[in-house]
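# Structural description and commentary
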Amino acid sequence: MLKINVLCVGKLKEKFYLSACEEYLKRIGAYASISVGEIPEIPMTDTASRAQIEQSLAREAEQVLKKIPKGAYVIPLCIEGELMSSEQLAKKLGEIQVQGSSCICFLIGGSNGLSEEVKRQGGLRLSMSKMTFPHHLARVMLLEQIYRAFQILNGGNYHK
């Protein structure tokens, strides 16, 4: 069975986000083994300099890189990533499996995104939209799209 890991910088606290994530995790479980891991976000002030932000991203990167499963196909979510339709994402996930990857690891950064070092690990850099979303909402959106992708790949009626 395919394993999917979603590694997130930042802790999800809001009940409405947690409920949505739980629902999609349950649905995805019919198609793949899925887990969500959280890495603490390093707190920053609104007046942090670019150098301070880069330092915090580097410290977060150390933790993220330790948690990526060996041999996983890595997909960091980032604004400069590739925009895909739901159908394109489904096709890509299917291709990854056919090419022999048994584990896919999605990475979601915190408020300041992900370091370049982390993004370089990706076989695909994925963008959810040209718009900016809170990283907590991105987690819900990603889980929904993973579920939708499995529905597409398996001929389900969820995707219309």
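Here goes a summary of the coordinates provided. (Residues numbered from 1 in each chain as written. Predicted model: local features only at pLDDT ≥ 70, side-chain atom pairs only at ≥ 80, totals over all residues. Heavy atoms only, no water.)

## Remarks on the overall build of the protein chain
This is how the line gets drawn: A run of DSSP states H or I qualifies as a helix once it reaches four residues; a run of E qualifies as a strand once it reaches two. Both are numbered from the N-terminal end. Atoms counted for the radius of gyration: C-alpha only. Globule rule: 2.2 Å times the number of residues to the power 0.38. Burial status follows relative accessibility: with a 1.4 Å probe on protein chains alone, a residue under 20% of its type maximum counts as buried, one over 50% as exposed, and anything between as partly exposed. Throughout, a contact is declared for two residues whenever any of their heavy atoms are within 4.5 Å. Shrake-Rupley sampling with a 1.4 Å probe provides the accessible areas, and residues are treated as covered by the protein chains on show and by no other component. Counted as positive: Lys and Arg. Counted as negative: Asp and Glu. His and the chain ends are not counted at all. To locate a charge, the coordinates of NZ of Lys, CZ of Arg, CG of Asp or CD of Glu are taken.
Across its full length, the protein chain holds five helices and five strands. Moving toward the C terminus, one meets the helices and strands of the protein chain in the order β-α-β-α-β-α-β-α-β-α. A compact globule built from 160 residues should have a C-alpha radius of gyration of about 15 Å, and the protein chain, at 15 Å, falls within 12% of that. Based on the C-alpha atoms only, the size of the protein chain along its principal axes is roughly 50 × 35 × 25 Å. Counting all 160 residues of the protein chain, 46% fall into the buried class. For the protein chain, the share of sequence-separated contacts (at least 6 apart) that also reach a separation of at least 24 residues comes to 84%. Working note: accessible area of the protein chain is about 8,800 Å², and carbon and sulfur atoms make up 51% of it. Counting 20 positive and 16 negative side-chain charges, the protein chain places the averaged centre of each group 4 Å from the other.

## With respect to the sheet that holds strand β5 (residues 126-127)
Our working rule: For two strands to be treated as a pair, DSSP must find no fewer than two bridges joining them. To get an axis, fit a line to the C-alpha atoms, keeping to the stretch in contact for a helix; angles then go from 0 to 180 degrees between the N-to-C directions.
Spatially, the five strands line up as an open sheet ordered β2-β1-β4-β3-β5, and their pairing is parallel. Every other strand in the sheet has two partners, leaving β2 (33-39) and β5 as the edge strands with one partner each. Note: strand β3 (residues 73-83) against strand β4 (residues 103-108), four bridges, orientation parallel. Bridge assignment links Tyr73 to a residue of β4, and that residue is Ile104. Contacting β3, β4 and β5, helix α3 (residues 86-98) crosses the sheet at an angle of about 155 degrees to β3.

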